[in-house]
Amino acid sequence: MAALLGGGDAARPLEMLEQRELIVRGRGESLAGETEYTFRHALIREAAYGMLTERDRELGHWLAGEWLEHAGEGDAALLAEHFERGGDPRRAAAWYQRAAEQALLGNDLVAALDLAERGVRCGAAGELLGALRLVQAEAHAWRGEFARGEQRGVEAAEHLRRGSAGWFRAVKQAAVAAGKLGNYDRVARWAGAASREPPAEGAAGARLVCIAECASFVAFGGDYAATNALLGELDGAAEEPGAPDPEVLARVYHTRAVQLLASGRLDAFLEIMVASLEAFERAGDRRNACVARSNLGFFHAELGDFERAERALRAAMDEAQRMGLHDPAMLALANLGHVLACRGELAEAERALRQALEEEERQGDPRAVGTTRTYLAEAHLLAGDLEQAEREARTAAAALDAVPPLRAAALAVLAEALLGLGRAGEALAAAGEAMSMLESLGTVEEGESLVRLAHAESLAANGDVAGARAAISAARDRLLARAATVGDPALRELFLARRENARTLALAERWSGA
């Protein structure tokens, strides 16, 4: 108040206003030991504000912003608004950037987007504009708005200094969004740029996180050689002297887990994914911790522990919805639908999968769309609706055309449906394509047992008895090798009891004695 009066004594005017019940004293002390007053009613505030000339209002806001800034006000949005209304757009933009980051850290994604855009409208340029676009890129990605997220990530990288921590974070966001849209070639280009760029001072951790995230999406596209090359840059990150950055550890662990799952090392995957979750929690990263919990739910389903998987996925989905994370929420819902189908709750499974599919199609994520349609095809297969299973599996395979590690599973489900419909020749073509993908890649992300089983059954249905026996024998051996990596006997039993695994073992025993 004194600042607004040009340094004069404000005590007497405030006392008079309080006595006339126009303002009221706050319950405690505000900034710098000052007593806080508020208008008794919003109408009084608006009337007083309306009595000021436009120039006085502008000056008042600027002076208020100045005083609050020097007093240590922590509400960046409040400061930004005062400076914007006070005719100081440069300072307003800087405070809007801080306010947007505060909102992002608080998981208020809508506010983060709005505050960042207000900073842009204040004329932000250069590094400041890059920082604002970076906030928007991350918020859009968590909301499942991948096309806009990629655009903002690219813009951020263009304005931020190459090699800086901000630049690596922008590259990561652009790569993540591109990967979600199925554009793995763009992910590879960003990965190469990050790998070649030496980190500026203080940016080494951001570079490692960026490379780790890129490596995960390169693996999702099926380029395991490039993935391994990127992973080589992460070697030793967890063993650096001192206390390693938990965010870096979490990302490195997560990427290693993707590699371990693809290689069939089930026990090691579980151990490192738990370590990733714990590191995200230590870093205070609630959003990525939520994703890690969802991934654990998926893995429990892979092990056949459907009860634990359902609990984990429901918890992750609820948490994601509370934070407004549309993409993780739908991924958890899709996996939950798959678990429900495996547990025989087919009607509820279809409802969950249809709901997830609608949102994933809106987001434009072909990987998620194709996987969810594969799960739908499996649910219809279990329900005995072979025609619908065929339709969904064909649509899934088309959606996953650029994602070989997941397309193989869709083709395997298609082969199973075609076998049930008595179309053995078509089934063998689909199963053979799936098996060729598995052999060329060396591994697939999901559905390996089903791919091998469908191929063996299709060979048998087409009269190739010797080929079928050899295929089912190889399938059994590979299945038992994977099961041997599960140290817990109870979990190993659940894994072998999964429908496709149990059938593989039963057919191997039956055909070996035929």
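Residues numbered from 1 in each chain as written. Predicted model: local features only at pLDDT ≥ 70, side-chain atom pairs only at ≥ 80, totals over all residues. Heavy atoms only, no water.

It is worth spelling out the overall build of the protein at this point. In terms of regular secondary structure, the protein is built from 26 helices and two strands. Relative to its full complement of 514 residues, the protein shows a buried share of 52%. Pairs at least 24 residues apart make up 60% of the contacts formed inside the protein by residues separated by at least 6 positions. Split by element, the accessible area of the protein, about 22,600 Å² in all, is 51% carbon and sulfur. (Helix = DSSP H or I, 4+ residues; strand = E, 2+ residues; numbered from the N terminus. Buried < 20%, exposed > 50% of the residue type's maximum accessible area, 1.4 Å probe, protein only. Contact = heavy atoms within 4.5 Å. Areas by Shrake-Rupley, 256 points an atom, 1.4 Å probe, with all protein chains shown as cover.)

On to the packing of helix H8 (residues 146-159) against helix H9 (residues 165-180). Between H8 and H9, the least distance of the axes is 8 Å, while the angle of their chain directions is 155 degrees. By the angle class used here, H8 and H9 are roughly antiparallel. Considering how the two elements wind past one another, H8 and H9 form a crossing that is left-handed. From H8, Phe-146, Gly-149, Glu-150, Gly-153, Val-154, Ala-156 and Ala-157 reach across to H9, where they touch Trp-167, Ala-170, Val-171, Ala-174, Ala-177, Ala-178 and Lys-180. (Axes fitted to C-alpha atoms, helices over the stretch in contact; angles between N-to-C directions. Parallel < 35°, antiparallel > 145°, perpendicular 65-115°, else oblique. Left-handed = near helix turned anticlockwise from the far one by under 90°.)

The end-to-end C-alpha distance of helix H18 (residues 346-363), which contains 18 residues, comes to 25 Å, matching closely the 26 Å that a straight helix rising 1.5 Å per residue would cover. What H18 keeps buried is the set Ala-349, Ala-352, Leu-353, Ala-356, Leu-357, Glu-359, Glu-360 and Gln-363. Its buried side turned inward, H18 meets H8, helix H17 (326-342) and helix H19 (366-383). Within two residues after H18, Gly-364 carries a phi angle of roughly 80 degrees, on the positive side. (Expected span 1.5 Å × (residues − 1).)

Turning next to the packing of helix H5 (residues 89-105) against helix H7 (residues 126-142). Where H5 contacts H7, the axes come no closer than 10 Å and their chain directions differ by 25 degrees. With respect to H7, the element H5 is oriented roughly parallel. By crossing handedness, the relation of H5 to H7 is classed as left-handed. Contact residues: Ala-93, Ala-94, Tyr-96, Gln-97, Ala-100, Glu-101 and Leu-104 in H5; Leu-128, Ala-131, Leu-132, Val-135, Glu-138 and Ala-139 in H7. Here the residues of the contact of H5 with H7 sort into 10 nonpolar, one polar and two charged. (Nonpolar A, V, L, I, M, F, W, Y, C, P; charged D, E, K, R; others polar.)

Turning our attention to the packing of aromatic side chains. This model, assessed by the stated rule, comprises three aromatic pairs. For the pair Phe-217 and Phe-220, a centre-to-centre distance of 5.3 Å together with 85 degrees between the ring planes defines the contact as edge-to-face. Residue Phe-217 and its partner Phe-220 are located together in helix H11 (residues 204-220), separated by three residues, close to a single helical turn. Considered together, Phe-217 and Phe-220 belong to a single accessibility category, that of buried residues. With a centroid separation of 4.4 Å and an interplanar angle of 45 degrees, the aromatic rings of Phe-269 and Phe-299 are classed as tilted. On the criterion of sequence distance, the pair formed by Phe-269 in helix H14 (residues 266-282) and Phe-299 in helix H15 (residues 286-302) is long-range, its members being 30 residues apart. As far as burial versus exposure is concerned, Phe-269 and Phe-299 are alike and both buried. For the cation-ring pair, Arg-98 lies above Trp-95, with the distance from its terminal atom to the ring centre recorded as 4.1 Å. It is Arg-367 that lies over the ring of Phe-220; its NZ or CZ is 3.8 Å from the centre. (Phe/Tyr/Trp six-rings, centres within 6.5 Å; stacked < 30°, edge-to-face > 60°. Lys NZ or Arg CZ within 6 Å of the ring centre and 35° of its normal.)

Another point: the nonpolar core. Core analysis: the largest hydrophobic core is formed by 77 residues, its most contacted members being Trp-167, Phe-168, Val-171, Leu-234, Val-451 and Ile-472. With 12 residues, the single largest contributor to this core is H11. Apart from residues lying up to four places away in sequence, Leu-234 is in contact with Leu-208, Ile-211, Ala-212, Val-252 and Arg-256. (Core = buried A, V, L, I, M, F, W, Y, C linked by side-chain atoms within 4.5 Å.)

So, on to the environment of Asp-75. Along the chain, Asp-75 falls in the loop between helix H3 (54-71) and helix H4 (76-85). Since its relative accessible area comes to 37%, Asp-75 is described here as partly exposed. Separated by 27 residues in the primary sequence, Asp-75 and Gln-102 have C-alpha atoms spaced 9.0 Å apart. From its side chain, Asp-75 meets the backbone nitrogen of Ala-77 in a polar contact 3.2 Å long. (Polar contact = N/O pair within 3.5 Å; in protein donor to acceptor, adjacent residues only side chain to side chain.)

Looking at the protein as a whole, the pLDDT averages 88, with 86% of positions reaching at least 70. Considering each helix and strand of the protein separately, the mean pLDDT is smallest for strand S1 (residues 23-29), with a value of 58, and largest for helix H20 (residues 386-399), with 98. (pLDDT = per-residue confidence, 0-100.)

The end-to-end C-alpha separation of helix H24 (residues 465-484) is 28 Å, in line with the 28 Å expected for 20 residues at 1.5 Å each. Regarding H24, the residues found buried are Ala-468, Ala-471, Ile-472, Ala-475, Leu-479, Arg-482 and Ala-483. Along H24, the residues classed as buried sweep out an arc of 105 degrees about the axis, all on the same side. More than 90 degrees from the buried face of H24, the exposed residues found are Ala-466 and Ala-484. (Arc of directions from axis to C-beta.)

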